[in-house]
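Working through the structure, step by step
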Amino acid sequence: MQVKILAFGVLKDLLGTATVQLQLAQGATVADLLRILEQQTSNLSMQTHVWQSLAVAVNREYSSASAVLREGDEVALLPPVSGGLGRRDAR
Amino acid sequence: MQVKILAFGVLKDLLGTATVQLQLAQGATVADLLRILEQQTSNLSMQTHVWQSLAVAVNREYSSASAVLREGDEVALLPPVSGGLGRRDAR
Amino acid sequence: MHVEIVDTPIESASIVAAAKADSDGAVCIFDGIVRDNTRRRQTLYLDYEAYREMALEQMQRLAAEAVERFRVRDISLVHRLGRLQVGETSVLIVVASAHRGAAFDACRWLIDTLKKTVPIWKRETFADGAVWADGEPFPEHLAARSAEAQG
Amino acid sequence: MHVEIVDTPIESASIVAAAKADSDGAVCIFDGIVRDNTRRRQTLYLDYEAYREMALEQMQRLAAEAVERFRVRDISLVHRLGRLQVGETSVLIVVASAHRGAAFDACRWLIDTLKKTVPIWKRETFADGAVWADGEPFPEHLAARSAEAQG
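Presented here is an overview of the structure given in this document. Keep in mind that this is a model prediction, so the values were computed, not measured.

Time to look at the interface of chain D and chain C. Reports of interface size often rely on the accessible area that becomes lost once the parts have come together. Taken together, the contacts link 32 residues of chain D with 32 residues of chain C. Between chain D and chain C lies a buried interface of about 2,700 Å² when both sides are counted; carbon and sulfur atoms form 54% of it. The largest per-residue losses of area from chain D upon contact with chain C belong to D:Arg35, D:Arg100 and D:Phe104, which jointly make up 24% of the total buried on that side. Linking chain D to chain C there are six salt bridges. Residue C:Arg100 pairs with D:Asp112 through a salt bridge whose shortest N-O separation is 2.7 Å. Summed over the shared surface of chain D and chain C, the number is 17 residue pairs in polar contact (both at pLDDT 80 or more). When contributions to the side of chain D that touches chain C are tallied by element, the ones reaching two or more residues are strand S2 (26-33) and helix H3 (100-117) of chain D. With nine residues, the top contributor of residues to the side of chain D that touches chain C is H3(D). The class makeup of the residues in the side of chain D that touches chain C is 14 nonpolar, six polar and twelve charged.

The next thing to look at is the relation of the copies chain D and chain C. Note that the two copies of the chain are related through a rotation about an axis and a translation along the same axis. Taken as rigid bodies, chain D and chain C are interconverted by a rotation of 180° and an axial shift of 0.0 Å, the fit giving an RMSD of 0.0 Å. Those values place the two copies in the arrangement expected of a two-fold rotation axis. Every residue of chain D has its C-alpha some distance from the rotation axis, and the shortest such distance is that of D:Ile29, at 2.5 Å. A share of 100% of interface residues in chain D that are also interface residues in chain C marks the association as one of identical surfaces.

A separate point is the side chain of C:Glu124. Residue and element names in this part refer to chain C. Position of Glu124 among the secondary structure elements: in strand S8 (residues 120-126). In this structure Glu124 is buried but unpaired, with Lys122 as the nearest side chain of opposite charge at 5.5 Å. Reaching out from Glu124, the side chain makes a polar contact with the side chain of Thr38 at a distance of 2.5 Å. In this structure the side chain of Glu124 is engaged in a polar contact, spanning 2.8 Å, whose partner is the side chain of Thr43. In contact with Glu124, not counting residues within four places along its chain, are Thr38, Thr43, Tyr45, Leu46, Gly129, Ala130 and Val131.

Bringing the interface of chain C and chain B into the picture now. The interface of chain C with chain B comprises 40 residues on the first partner and 37 residues on the second. Summing both partners gives a buried area of about 3,400 Å² for chain C against chain B, and 53% of it is carried by carbon and sulfur. The tally of links between chain C and chain B comes to four salt bridges. Its salt-bridge partner being C:Glu49, residue B:Lys12 comes within 2.6 Å of it at the nearest N-O pair. Put simply, chain C and chain B have 15 residue pairs in polar contact (both at pLDDT 80 or more) between them. At the level of secondary structure, the elements contributing two or more residues to the side of chain C that touches chain B comprise strand S2 (26-33), strand S4 (41-50), helix H2 (52-70), strand S7 (89-97), helix H3 (100-117) and S8 of chain C.

What counts, and where the lines are drawn
- Starting from 1, residues in each chain are numbered consecutively following that chain's sequence as written.
- Each chain is given a letter, starting from A, and each ligand a number, starting from 1, according to the order in which they appear as written.
- Since the coordinates come from a predicted model, pLDDT governs what is reported: local features require at least 70, and pairs of side-chain atoms require 80 or more to be given and counted, while whole-chain, interface and lining totals use all residues.
- Processing note: side-chain calculations cover all non-hydrogen atoms of the structure and skip hydrogens and water entirely.
- Residues count as neighbours in contact if any of their non-hydrogen atoms are within 4.5 Å of one another.
- By buried area we mean the combined loss of accessible area, with a 1.4 Å probe, across both parts when two parts are placed together.
- Salt bridge, as used here, is a side-chain nitrogen of Lys or Arg placed within 4 Å of a carboxyl oxygen of Asp or Glu.
- Pairs of N or O atoms are called polar contacts if they sit within 3.5 Å, as long as, within protein, a hydrogen donor faces a hydrogen acceptor (for residues adjacent in sequence, only side-chain-to-side-chain pairs).
- A run of DSSP states H or I qualifies as a helix once it reaches four residues; a run of E qualifies as a strand once it reaches two. Both are numbered from the N-terminal end.
- Three classes are used: nonpolar for Ala, Val, Leu, Ile, Met, Phe, Trp, Tyr, Cys and Pro, charged for Asp, Glu, Lys and Arg, and polar for all others, with Gly counted as polar.
- The fit set for superposing copies consists of C-alpha atoms from residues with pLDDT of at least 70 in both; the fit itself is least squares.
- Throughout this description, buried means an accessible area under 20% of the type-specific maximum (1.4 Å probe, protein chains only), exposed means over 50%, and partly exposed covers the range between.
- Neither His nor the chain termini are counted; the positive set is Lys and Arg, and the negative set is Asp and Glu.

So this is what it looks like as structure tokens:
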């Protein structure tokens, strides 16, 4: 089956593209997808922390790693968000 | 000695005036002054709670009941304040 | 700091614009407006009066204390006196700061403390009468008579 | 409710004016502006980008949840995208309520929650380079990989 990947922020830079179509085995989960993408970019080893801190939205809803993907899903890779103002504000 | 009394809000209505000069014995305190004023208005018995809840400013500084007054002092009688917006906001 | 007591409408937009600086990341604004009712009784208008000189001094001290205490960059604190119609601003507080936590904390402390300590009173005129609004009790250290003496 | 993502300057004054109603006594406003530095590194400008459809949906839910949770009357929540200069507003939150406590609480909850959950990112261009701003870690229930899986 095919899903559409959207990448944002630093993940877009890492994947070198904002959108990509990906072929996955039937029954693949969000975790499977992340493993595949991480392997594809493993030569950029400095960026591994990005894969640990991201969130994934499937069809615009936050989704867990165990969620099963379906044909035509829109899967967005979201680095930690930084809307509003500076991060130091949280402190 | 003579002091100048300023009354605000409901206390102004109660005393029937915003400013009054009052003759006091040398060494009189804020408490003495309040006792005199309370006696002068004692026929308006419904208003006694006002005398228990007020603050007094001497020369524009909040002052305790034990403060000794001096010739020419400006003594302001302040009902509980209600600037800003409604009281229920506090809840 | 911009601390003022005015007798004419508070120009919120220009006060807020003037309060910002390049080092600010957060501006927290409190706009106190005249509500159309108190405990469901219909309000026609409010008259604010103050012990003006003392009120201004107290407001200046509050603003200075808030800058010190919350480490915010700047504060504007403006209260209006006289007759106010429903919807008009009686008090405007603008706190500008590099960070938002301090801006919120300072703004809230300012309105809470102003309402208890700054000598301003409000006479509320309803469709069916007028009263001096109940104030909040003075903090113990400001009241002329202690709780003990009242008992 | 007025929830919007815009690509042009946020007109704070008119949004605030439109947010007020006669039953309001308190309006709490948060204005997030572009600061001239981050950790003392000089900021030239910021570029905000979003997963736009999802960000708007998330903002709408946040506003509705805040109304429900804090019992405030109305909320305006506007975020700007694109290139912003120092001093410009990136996010404006306006909470109108009969009472001030709820207005402050809702306003603060909105900015705190927005910053952790709404998919918007910021690329910061300094005098000496550009970076994607570090975001705040996602709340545990939103992160794709649990703390356990990471260990």
